[in-house]
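# Understanding the architecture of this molecule
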Amino acid sequence: MHPYFKEMAEFGNPLKKGEIKRTEKNLEALKAEEADIAEAVQAVENAGFPAEKINARGQLTVWQRLEYLVDPGTWCPLHTLYNPAENEEGTTNVVDGIGKISGRWAVIIGFDNKVMAGAWLPGQSENILRVTDLAKRLNIPLVWLVNCSGAKLPEQEKFYANRRGAGTPFYRHAELEQLGIPVLAGIYGTNPAGGGYQGVSPTILFAHQNCNIAVGGAGIVSGMAPKGHFDLETAETIIEKARQFKAKPPGSVKIHQDETGFFRYVFETEEGVLDGLKDFMKKIPAYDPEFFRVAEPKAPAYPAEDVYRLLPLEPKMVYEFDAVLSRLVDGSEHMEFRPDYGPEIYTGLAKVDGFLVACIGNRQGYLGKDYPEYADYPGFGGKLYRQGMIKMNEFVTLCGRDRIPIIWFQDTTGIDVGDAAEKAELLGLGQSLIYSNQSTDLPMMLVVLRKGTAAAHYVMGGPTANRNNAFTLGTAATEIYVMHGETAAVATYSRRLVKQKDAGKPLEPIIDNMNQLAREYHEKSRPLFCARHGLVDELAPIRDLRRYMEAFAGSAYQNPKSICPHHHMILPRIIKG
């Protein structure tokens, strides 16, 4: 099949001098937004005690452990800003992402031992669920750096119980293992209660000599039998027991290597634990990349830095999606599927790091005379019409047949509305696309370049596609809402305006409410809000989008659950004709 894949059609063009000059302010504006995001990320990384204090205790921080463990240049962080409960600590207290260990991709997560010694905080269990889902979707190992002091007890009601509470990750670990996905854990520090289960639930345990895991820690054991109230006698007893268990906490290495045998390996140094993880990652089932690559990896023909000029920060400005994509894929080459049908949607095959991927994205701007064909109004890119919906259904279905992972690029204002659109079956075609996505059982990645709006955000590989969506990236230009704030204000208050007018009452109070709602929509759709509340899994700098694409493609092809041989594929043949 090398005639199909080795040299694909080139697309995109170098920027002209006039374009560079005209887009300088856009580049500066996007980079200013990214600087604000970077500042928020830095605040998360600096949360808790300074690294020097942790190091003085003879420990590495979680960030230092990651730096030692992960192959240089491969770390793609996720959920850095995720903090849905708005914890005062500014974090859910876990750090996670995708990276290579010993040349193999893994989902990696660790407790931040600078913050309350890695305690469970509100929102953390949901964060961990996203991580276990990611390992499941990509079928790659989950690697833990366990250092968890248990729960933040004064806020236990916010995360302890419930269907998706703090105990759910342990069931998810069991699920991963039942699917043949290993969970490796390097264990540090004192890990009682939930930390103990976090320590014992992985597949293979690599322990530091000073660590422990236990059903209950010193504080719990000390307070097991109160009188029903506290007094001086009780306090003195608690003090005595607390000192005893601090000196010799339960569940030490002596217990869990010599007695229970839970710890497979014990190391004298922090680095030794990480070296043990590195060694075992070499033993993980994984295909050599040569098995699935369709061509030698190539850099794009045009620099990723161009995207800062091509992607307008102003949401109503149009741009050429194909030009953006050409800066992200190998050799700036592609095979476009049905280019003359459904012009509002790009569908095509491309290569990322030599691996075949499918790309789907929204095109922008005026779509030409007599389109959409079912209506008497003009069509504009960003919106989904009948042909585009049919094209995506066909393309996704064929990708599922050929086992080609999909990368979605969203910049959508939603699905066309009105009686003409209803007669054109757009409601049914939207659900058909959801059905097509669900039928593929393919890993998918989403980049919300700018707008993720209404049901179009769902159907175009959105995070609601739990069985498919591995992760969702946002950019400095991302905004996500059910509809634009001004549209929402009209939808909410139009009838009240009519009633107020008919009653002869002033309209200004309603207008004030409309402006307030529009402002709130704007504030609650911005990139930082989206990241903190989990609407995106990470805000990626535009220059790093391709690195995440490489991580996704490499992970998807590392150990796939099913294979379509290249010479059995039908989609490239359909495209070529």
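What counts and what doesn't
- Residues numbered from 1 in each chain as written.
- Predicted model: local features only at pLDDT ≥ 70, side-chain atom pairs only at ≥ 80, totals over all residues.
- Heavy atoms only, no water.
- Helix = DSSP H or I, 4+ residues; strand = E, 2+ residues; numbered from the N terminus.
- Buried < 20%, exposed > 50% of the residue type's maximum accessible area, 1.4 Å probe, protein only.
- Contact = heavy atoms within 4.5 Å.
- Areas by Shrake-Rupley, 256 points an atom, 1.4 Å probe, with all protein chains shown as cover.
- Lys, Arg positive; Asp, Glu negative; His and termini not counted.
- Charge placed at Lys NZ, Arg CZ, Asp CG, Glu CD.
- Pairing = 2+ DSSP bridges.
- Axes fitted to C-alpha atoms, helices over the stretch in contact; angles between N-to-C directions.
- Patch = residues over 30% accessible without salt bridge, like charges linked within 9 Å, V, L, I, M, F, W, Y side chains within 5 Å.
- Salt bridge = Lys/Arg side-chain N within 4 Å of Asp/Glu carboxyl O.
- Polar contact = N/O pair within 3.5 Å; in protein donor to acceptor, adjacent residues only side chain to side chain.
- Core = buried A, V, L, I, M, F, W, Y, C linked by side-chain atoms within 4.5 Å.
- Domains from an automatic or database assignment.
- Expected span 1.5 Å × (residues − 1).
- Arc of directions from axis to C-beta.

Attention now goes to the overall build of the chain. When helices and strands are tallied, the chain shows 23 helices and 21 strands. Counting across all 577 residues of the chain, residues that qualify as buried make up 53%. Sequence-distant contacts, at least 24 apart, represent 78% of the contacts inside the chain between residues at least 6 apart. As displayed, the chain has an accessible area near 26100 Å², and 54% of this comes from carbon and sulfur atoms. The average position of the 64 basic charges and that of the 71 acidic charges among the side chains of the chain differ by 2 Å.

All right, on to the sheet that holds strand S2 (residues 76–78) then. What links the strands of a sheet is backbone hydrogen bonding, and the strands pair in either a parallel or an antiparallel sense. Here we have 7 strands laid out as an open sheet, ordered S2-S3-S4-S5-S6-S8-S10, and mixed in their pairing. Each of the sheet's edge strands pairs with one partner strand only, and the pair in question is S2 and strand S10 (265–267). Each neighbouring strand pair of the sheet contributes to a mean axis angle of 20°, computed without reference to strand direction. The sheet contact formed by S2 and strand S3 (residues 94–101) spans 3 bridges and is antiparallel. In the strand pairing of S3, Pro 77 is matched with Gly 97. Each of S3, strand S4 (104–111) and strand S5 (142–146) touches helix H5 (residues 62–69); the most contacted strand, S3, lies at about 10° to it.

Next up on the list: a nonpolar patch on the surface. On the surface, Tyr 197, Val 200 and Phe 262 cluster together into a nonpolar patch covering about 280 Å² of accessible area. Mapped onto the elements, Val 200 comes out in helix H8 (residues 194–200). Overall, the relative accessible area of 35% leaves Val 200 in the partly exposed class.

One pass over the structure, following the stated rule, counts 34 salt bridges. With its nearest N and O atoms 2.9 Å apart, the salt bridge here joins Arg 309 to Glu 24. In this pair, Arg 309 is assigned in helix H13 (residues 307–310) and Glu 24 in helix H3 (residues 24–45), connecting sequence segments 285 residues apart. Residue class for Arg 309 comes out buried when judged on its relative accessible area of 17%. Put simply, Lys 158 and Glu 155 hold a salt bridge, and the shortest N to O gap is 3.9 Å. Taking relative accessible area as the criterion, Glu 155 reaches 17% and is therefore assigned buried. Connected through salt bridges with shared partners, the residues Glu 88, Glu 89, Lys 152, Glu 155 and Lys 158 form a single ionic network.

On to the environment of Gly 99. Mapped onto the elements, Gly 99 comes out in strand S3. Given the relative accessible area of 0%, Gly 99 is considered buried. Spatially, the C-alpha atoms of Gly 99 and Gly 428 are 39 Å apart, while their sequence positions differ by 329 residues. If we ignore the near neighbours within four places in the chain, the residues touching Gly 99 are Val 70, Thr 74, Trp 75, Arg 104, Trp 105, Ala 106 and Ile 108.

Turning our eyes to something else, we now look at the side chain of His 334. Relative to the elements of secondary structure, His 334 occurs in strand S11 (residues 333–336). At a separation of 2.8 Å, a polar atom in the side chain of His 334 contacts the side chain of Tyr 346. What His 334 contacts, discounting residues up to four positions off in sequence, is Met 8, Ala 9, Phe 11, Tyr 346 and Leu 349.

A few words on the nonpolar core. Within the largest apolar cluster, 124 residues are counted, with the highest numbers of intra-cluster contacts made by Trp 144, Trp 408, Phe 409 and Phe 471. Counting residues domain by domain, this core receives three or more from each of domain 1 (57–220 + 227–281) and domain 2 (294–478 + 536–576). Counting residues in each nonpolar core, the second largest holds 20 residues, with Leu 66, Tyr 188, Ile 204 and Ile 284 among its members.

Attention now moves to the domain arrangement of the chain. Per the domain assignment, the segments of the chain are domain 1 (57–220 + 227–281), domain 2 (294–478 + 536–576) and domain 3 (483–525). Averaged C-alpha coordinates put domain 2 and domain 3 at centres separated by 34 Å.

Attention now goes to the sheet that holds strand S21 (residues 538–539). If you trace the 8 strands from one edge of the open sheet to the other, you get S1-S11-S12-S13-S15-S17-S19-S21, paired in mixed fashion. Across the chains shown, the open sheet's two edge strands, defined by having one partner strand only, are strand S1 (9–10) and S21. Bridge count for strand S12 (residues 345–352) against strand S13 (residues 355–362) is 8 bridges, and the pairing is antiparallel. Along S13, the bridge assignment pairs Gly 348 with Cys 359.

It is worth spelling out the pairing of strand S15 (residues 406–410) at this point. Extensive coverage of S15 is indicated by the burial of 5 of its 5 residues. The side-chain alternation of S15 yields two buried faces, one formed by Ile 406, Trp 408 and Gln 410 and the other by Ile 407 and Phe 409. Looking at chain direction, S13 and S15 are connected through 4 bridges and run parallel. Pairing of Cys 359 across the sheet is with Ile 407, part of S15.

Taking 1.5 Å of rise per residue, 22 residues should cover 32 Å, and H3 covers 31 Å from first to last C-alpha, within 8% of that figure. Those residues of H3 not exposed but buried are Asn 26, Leu 27, Leu 30, Glu 34, Ile 37, Ala 40, Val 41 and Val 44. Projection of H3 onto a plane perpendicular to its axis shows the buried side chains occupying an angular sector of 145°, all on one side. Turned more than 90 degrees off the buried face of H3, the exposed positions are Lys 25 and Glu 39. Buried-residue contacts for H3 involve H13, helix H21 (527–532) and S21.

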